[in-house]
Amino acid sequence: AITNAKCGVLIADESHMLKNIDSKRTQTARKFASQVSKCILLSGTPELNRPAELYPQIAMLDPSLLGSWTAFTKKFCNGHRGRFGWEFSGATNTAA
């Protein structure tokens, strides 16, 4: 499997495709990124939707930068326990 390859650098083009933290593609990319010393994410597509879509990509670059998924979604995505589980579709604390 590609996740067993011995590489020093991961370059991911079209990294906006890694926005869903639950997708197999993102999980595999994150596992691979944790095994290399350098990670470069490339995308020409602006991230305009939700802050939650940025978390998986930023966490691949520096896992300690944003803290846990839960803490990030509480702070920036109006994360809260909803009727059917964790909801994080909003945006909060977005002012610069």
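For the structure itself, consult the block above.
Criteria and cut-off values
Residues numbered from 1 in each chain as written. Predicted model: local features only at pLDDT ≥ 70, side-chain atom pairs only at ≥ 80, totals over all residues. Heavy atoms only, no water. Helix = DSSP H or I, 4+ residues; strand = E, 2+ residues; numbered from the N terminus. Buried < 20%, exposed > 50% of the residue type's maximum accessible area, 1.4 Å probe, protein only. Areas by Shrake-Rupley, 256 points an atom, 1.4 Å probe, with all protein chains shown as cover. Lys, Arg positive; Asp, Glu negative; His and termini not counted. Charge placed at Lys NZ, Arg CZ, Asp CG, Glu CD. Arc of directions from axis to C-beta. Contact = heavy atoms within 4.5 Å.

For the protein, the helix and strand inventory stands at 3 helices and 4 strands. Counted from the first residue to the last, the protein has its helices and strands arranged as β-α-β-α-α-β-β. Along the longest, intermediate and shortest principal axes, the C-alpha atoms of the protein span 40 × 30 × 20 Å. Expressed as a percentage of its 96 residues, the buried residues of the protein come to 27%. Only carbon and sulfur atoms are counted for the fraction: they give 54% of the accessible area of the protein, which is about 6600 Å². Both charge centroids of the protein, one from 12 positive and one from 7 negative side chains, sit 8 Å from each other.

The next thing to look at is helix α1 (residues 24–33). Within α1 the residues assigned to the buried category are Thr26, Ala29, Phe32 and Ala33. Looking down the long axis of α1, one finds its buried residues gathered within 130 degrees of arc, a one-sided arrangement. Of the surrounding elements, those touching the buried residues of α1 are β1 (9–12), β2 (38–41) and α2 (55–61).

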